[in-house]
Amino acid sequence: VTISKANVQASLRAETSVLAAANPKFGRFDPFQPIAQQIDIQPTLLNRFDVIFTLRDLPDRAKDEAIASHVLREHMEKAAKPTIERDLFRKFIAYAKQKIFPVLTEEAMEEIKKFYVELRNTQVSSEELLKPIPISARQLEALIRLSEASAKSRLSNDVTKEDARRAIDLIKYYLMQVGFDYETKTFDIDRLATGVATSQRSKIIIVRESLARLESRLGKLIPIEEIEKELEEKLSKKDVEEALDKLTVSGDIFHPRKGFIQRM
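So, how was this worked out
Residues numbered from 1 in each chain as written. Predicted model: local features only at pLDDT ≥ 70, side-chain atom pairs only at ≥ 80, totals over all residues. Heavy atoms only, no water. Helix = DSSP H or I, 4+ residues; strand = E, 2+ residues; numbered from the N terminus. Rg over C-alpha atoms; globule rule 2.2 N^0.38 Å. Buried < 20%, exposed > 50% of the residue type's maximum accessible area, 1.4 Å probe, protein only. Phe/Tyr/Trp six-rings, centres within 6.5 Å; stacked < 30°, edge-to-face > 60°. Lys NZ or Arg CZ within 6 Å of the ring centre and 35° of its normal. Polar contact = N/O pair within 3.5 Å; in protein donor to acceptor, adjacent residues only side chain to side chain. Pairing = 2+ DSSP bridges. Expected span 1.5 Å × (residues − 1). Arc of directions from axis to C-beta. Core = buried A, V, L, I, M, F, W, Y, C linked by side-chain atoms within 4.5 Å. Contact = heavy atoms within 4.5 Å.

Draft legend 1. Quick look at the overall build of the protein. Summing up its helical and strand segments, the protein has 10 helices and nine strands in all. Here the C-alpha atoms of the protein give a radius of gyration of 24 Å, more than 25% beyond the 18 Å that 2.2 N^0.38 yields for 264 residues. Dimensions of the protein, computed from C-alpha atoms along their principal axes, come out at roughly 75 × 50 × 45 Å. Classification of the 264 residues of the protein by burial places 31% in the buried group.

Given below as structure tokens:
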């Protein structure tokens, strides 16, 4: 892994853990837009992280009071002690890394397998051409790593069923934040892996097929009004515009002049 930050170049070994933070392009995360469209990280790199969390500043009276009390108390107490002393915590981490090598138990394997298979094969009631894939083998590997990390944090060489459940809860929580498609009401890993939800990809296919039909009838120069008229019973005007934008970016179409589309 090659990292470039503040004119510092560093190459890290492939097994090095990477913790990254990124600000959204417009200042705040939008839960209705794929996260890959909101930060300047390629989806092919983004989906290699085991867990992804969006930090959103939402007013909550109880949490706001707790945070305010904590910050004010820190200013009142000059030498506030952490819950775990720094030196002890560093020794704990070093010992776990050097001495603890957890192995999956049969119960943990069955728990992870059950969750993965059931989620992969969840029935989706959708009229889209393509059905969303809720989870991929990449998340299966993440489940294993997180389960092992849970056992290691307990200084245990056995990954138990409880460790597997803790990993499953983390994966479900992060998928709900960045992998949930509000149109199909289900998890869609394509929102993270490609930056385009399956429901949106289905609309792009519909528009692309419509363009082929219109080209055979009207010629190469296709008025956008004709596309919208052709699809008015299937897609909204906004859906058509978004699909055309995606096809333009991918190089499938271009705008020879205002109000017209032409296929490449």
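There's more to say after this.
Draft legend 2. Spatial organisation of the packing of aromatic side chains. Per the counting criterion, the structure on display carries one aromatic pair. Aromatic side chains F53 and Y173 sit 5.9 Å apart centroid to centroid with 45° between the ring planes, which places their arrangement in the tilted category. With F53 in the loop between α1 (43-46) and α2 (61-76) and Y173 in helix α6 (residues 161-178), the pair connects residues that are 120 residues apart, well separated along the chain. Of note, R257 hangs over the ring of F260, and the distance from its end group to the ring centre comes to 4.5 Å.

Draft legend 3. View of the side chain of N47. Take N47: it is sitting in the loop between α1 and α2. Look at N47 and you get buried, because its relative accessible area is 12%. Among the polar contacts made by the side chain of N47, one reaches the side chain of R48 at a distance of 3.5 Å.

Draft legend 4. Quick peek at the sheet that holds strand β8 (residues 253-254). The strand order across the open sheet formed by three strands is β7-β9-β8, and the pairing between neighbours is antiparallel. In this open sheet, the two strands that pair with only one neighbour each are β7 (222-223) and β8. For β8 and strand β9 (residues 260-263), the ladder comprises two bridges, and the chain directions are antiparallel. The partner of F254 across the bridge, within β9, is Q262.

Draft legend 5. Seen up close, the pairing of β9. Note that β7 and β9 share two bridges and pair antiparallel. The residue of β9 that forms the bridge with I222 is I261. Hairpin remark: β8 followed by β9, antiparallel, with five residues in the connecting loop; positive phi at G259, about 85°.

Draft legend 6. Geometry of α6. Over its 18 residues, α6 extends 26 Å from the first C-alpha to the last, a length consistent with the 26 Å expected when each residue adds 1.5 Å. By the burial criterion, the buried members of α6 are D163, A164, A167, I168, I171, Y174, L175 and V178. Summarising the axial view, the buried residues of α6 lie within an arc of 135°, below the 170-degree limit, and thus occupy one face.

Draft legend 7. Layout of the side chain of D239. Of note, D239 is situated in helix α10 (residues 237-250). In terms of polar contacts, D239 uses its side chain to reach the side chain of S236, at 3.1 Å.

Draft legend 8. Region of the structure containing the pairing of strand β2 (residues 8-11). Judged from the four bridges that link them, strand β1 (residues 2-5) and β2 form a sheet pairing that is antiparallel. Bridge pairing in β2 places I3 opposite A10. Remark: two residues form the turn of the hairpin made by β1 and β2, two consecutive strands paired antiparallel; A6 in that turn has positive phi of roughly 55°.

Draft legend 9. Focus on the nonpolar core. Ranked by internal contacts, the top residues of the largest apolar core, which has 28 residues, are I35 and I171. Going through the elements one at a time, α4 (106-120), α5 (137-153) and α6 are the ones with two or more residues in this core. The element contributing the most residues to this core is α6, with seven residues. Filtering out sequence-adjacent residues up to four positions away, I35 remains in contact with F29, L46, I52, T54, V178 and L192. Among the nonpolar cores identified, the runner-up in size contains 15 residues, and I222, I227, L235 and I261 belong to it.

Draft legend 10. Local environment of unusual backbone geometry. At L155, a residue that is not glycine, the phi angle is positive and equals roughly 60°. In this fold, L155 is placed in the loop between α5 and β4 (158-159). Residue L155 is classed as partly exposed on the basis of its relative accessible area of 35%.

All we've got here are geometric facts, nothing functional implied.
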